[in-house]
Amino acid sequence: MAAAAAAAAGGIGGGGGGSAALGDSGAIDYSVHEAWNEATNVYLLVVLASLALLVYARRNKRRIMRIFTLPPAAETPPEPNFYDSMKKIRLRQQLEMYSIGVMMRSFSETEVDDEWR
């Protein structure tokens with residue numbers, strides 16, 4: 001009778017419902033609970049880390065996107081500087097005026113030569 005009571009309680013072998021959680025000494029085995037707690041702690045850490053990364057990504061979106069963008073091609077010239085373009089325009093104007101002056105001088109010299117002949 002004592003053996004039947006012990007078997008029903010799950011202490012010695014047998015098919016009691018609580019035999020998986022009880023050891024040979026009748027003490028409750030907490031390894032399942034500890035494993036569950038560790039697993040939930042790991043999931044909690046993963047969730048917190050992903051939330052922290054999400055917040056960081058939202059605040060530093062441009063910095064992160066700059067990593068993934070391709071650098072500009074070396075063939076495309078950079079946008080010209082305003083003062084450099086103004087210098088080139090002024091130089092072109094001076095060259096045009098010089099060429100007009102040379103033409104006028106050569107034209108006037110031919111007229112003078114014709115008058116002196």
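Keep in mind that this is a model prediction, so the values were computed, not measured. (Residues numbered from 1 in each chain as written. Predicted model: local features only at pLDDT ≥ 70, side-chain atom pairs only at ≥ 80, totals over all residues. Heavy atoms only, no water.)

A short note on the overall build of the protein
Here's step 1: Looking only at helices and strands, the protein features four helices and zero strands.
Here's step 2: Taken from the N to the C terminus, the helices and strands of the protein come in the order α-α-α-α.
Here's step 3: When burial is assessed residue by residue, the protein has 3% of its 117 residues classed as buried.
Here's step 4: Carbon and sulfur atoms form 65% of the exposed surface of the protein, whose accessible area is close to 11,200 Å². (Helix = DSSP H or I, 4+ residues; strand = E, 2+ residues; numbered from the N terminus. Buried < 20%, exposed > 50% of the residue type's maximum accessible area, 1.4 Å probe, protein only. Areas by Shrake-Rupley, 256 points an atom, 1.4 Å probe, with all protein chains shown as cover.)

Quick look at the packing of helix 2 (residues 31-59) against helix 3 (residues 61-68)
Here's step 1: Put simply, helix 2 and helix 3 touch, their axes get as near as 5 Å, and they point 85° apart. Here helix 2 is positioned roughly perpendicular relative to helix 3, judged by the angle of their axes. Of the residues in helix 3, those touching helix 2 at Tyr56, Ala57, Arg58 and Arg59 are Lys61, Arg63 and Ile64.
Here's step 2: Of the residues assigned to the contact of helix 2 with helix 3, the class counts are three nonpolar, no polar and four charged. (Axes fitted to C-alpha atoms, helices over the stretch in contact; angles between N-to-C directions. Parallel < 35°, antiparallel > 145°, perpendicular 65-115°, else oblique. Contact = heavy atoms within 4.5 Å. Nonpolar A, V, L, I, M, F, W, Y, C, P; charged D, E, K, R; others polar.)

Side note on the confidence of the model for the protein
A low pLDDT means the predicted coordinates there should not be read in detail.
Here's step 1: For the protein, mean pLDDT is 76; residues scoring 70 or higher make up 64% of the total.
Here's step 2: Mean pLDDT values for the elements of the protein range from 48 in helix 1 (residues 2-9) up to 91 in helix 2.
Here's step 3: Long-range and interchain partners of residues 1-16, a stretch whose pLDDT sits below 50, account for ten contacts in this model, where long-range means more than four residues apart. (pLDDT = per-residue confidence, 0-100.)

Let's talk about a nonpolar patch on the surface
Here's step 1: Taken together, Leu44, Val47, Leu48, Leu51 and Leu54 make up a surface patch of nonpolar side chains, about 460 Å² in accessible area.
Here's step 2: Position of Val47 among the secondary structure elements: in helix 2. (Patch = residues over 30% accessible without salt bridge, like charges linked within 9 Å, V, L, I, M, F, W, Y side chains within 5 Å. Salt bridge = Lys/Arg side-chain N within 4 Å of Asp/Glu carboxyl O.)

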